[in-house]
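# Results of the structural survey
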Amino acid sequence: MKELTPGICGKIELIVDENVSAMRAASGEMDVFGTPFVIALMEQTADKSVRPYLEDGCATVGTMVNIRHTAATPMGMKAHAESELIEVDGRRLVFRVAVFDEVGQVADGLHERFIIYKEKFMQKTLARGRDQ
């Protein structure tokens with residue numbers, strides 16, 4: 001197993017279409033790359049970048065997103081997210097994240113994830129539902 005250290009990077013590309021539009025997310029009325037999907041792409045990129053470094057039975061979950069979405073990306077344009085692990089504090093991971101389209105940067109910020117043990121996490125989650 002490789003060690004989780006700052007500097008681990010990830011990148012995921014997509015074509016912006018109606019499946020990731022603001023209208024689809026119900027976050028706006030325009031046919032542009034929707035902010036909820038921009039955030040999801042950032043999270044997915046960060047998560048996938050560290051998966052090879054995790055112990056069996058572990059995963060990461062998002063716990064904080066602090067981003068700016070500064071430009072609109074039209075339908076049909078390629079976009080990609082980049083992540084860089086900048087801090088490791090025990091099970092807490094902090095990433096610098098950004099999204100770019102064919103013209104330039106459209107979003108940037110910080111994203112925090114925690115390493116969890118999948119079975120324990122689900123037991124705790126299901127118990128939370130029973131405690132009501």
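Above this text is the structure in question.
Each chain has its residues counted from 1, running along the sequence as written. This being a predicted model, a pLDDT of at least 70 is required before a residue's local features are given, and a value of 80 or more before pairs of side-chain atoms are given or counted; all residues contribute to the totals for chains, interfaces and linings. Side-chain measures were taken over the full set of non-hydrogen atoms in the model, leaving aside hydrogen atoms and water.

## A closer look at the environment of Gly 7
Tracing the backbone through its elements, the reader meets Gly 7 in the segment before β1 (9-15). Each C-alpha atom, one on Gly 7 and one on Pro 52, is 14 Å from the other, the two residues being 45 residues apart in sequence. Gly 7 has contacts with Glu 84 and Leu 85, leaving out every residue within four places of it along the chain. Helix and strand labels come from DSSP, where a helix needs a run of H or I of at least four residues and a strand needs a run of E of at least two; each type is numbered from the N terminus. We call two residues in contact whenever any of their non-hydrogen atoms come within 4.5 Å of each other.

## A look at the layout of surface pockets
In this analysis a 1.4 Å probe is tested at points of a 1 Å grid over the protein atoms alone, and where it fits but cannot get out there is a cavity; an open set with protein on both sides within 12 Å along at least five of seven lines is a pocket; lining residues have an atom within 4 Å of a point. Grid points are joined across faces, edges and corners, and a volume is the space filled by probe spheres set on the points. Here the largest pocket defines a volume of roughly 220 Å³. Around the largest pocket sit Arg 91, Ile 116, Tyr 117, Lys 120, Phe 121, Lys 124, Thr 125 and Arg 128, which together line it. Among the elements of the structure, β5 (105-117) and α3 (118-130) are those that each provide at least two residues to the lining of the largest pocket. The element that contributes the greatest number of residues to the lining of the largest pocket is α3, accounting for 5 residues. Only Asp, Glu, Lys and Arg are considered charged in this grouping, and only Ala, Val, Leu, Ile, Met, Phe, Trp, Tyr, Cys and Pro are considered nonpolar; every other residue, Gly among them, is considered polar. Looking at the lining of the largest pocket residue by residue, the classes come out as 3 nonpolar, 1 polar and 4 charged.

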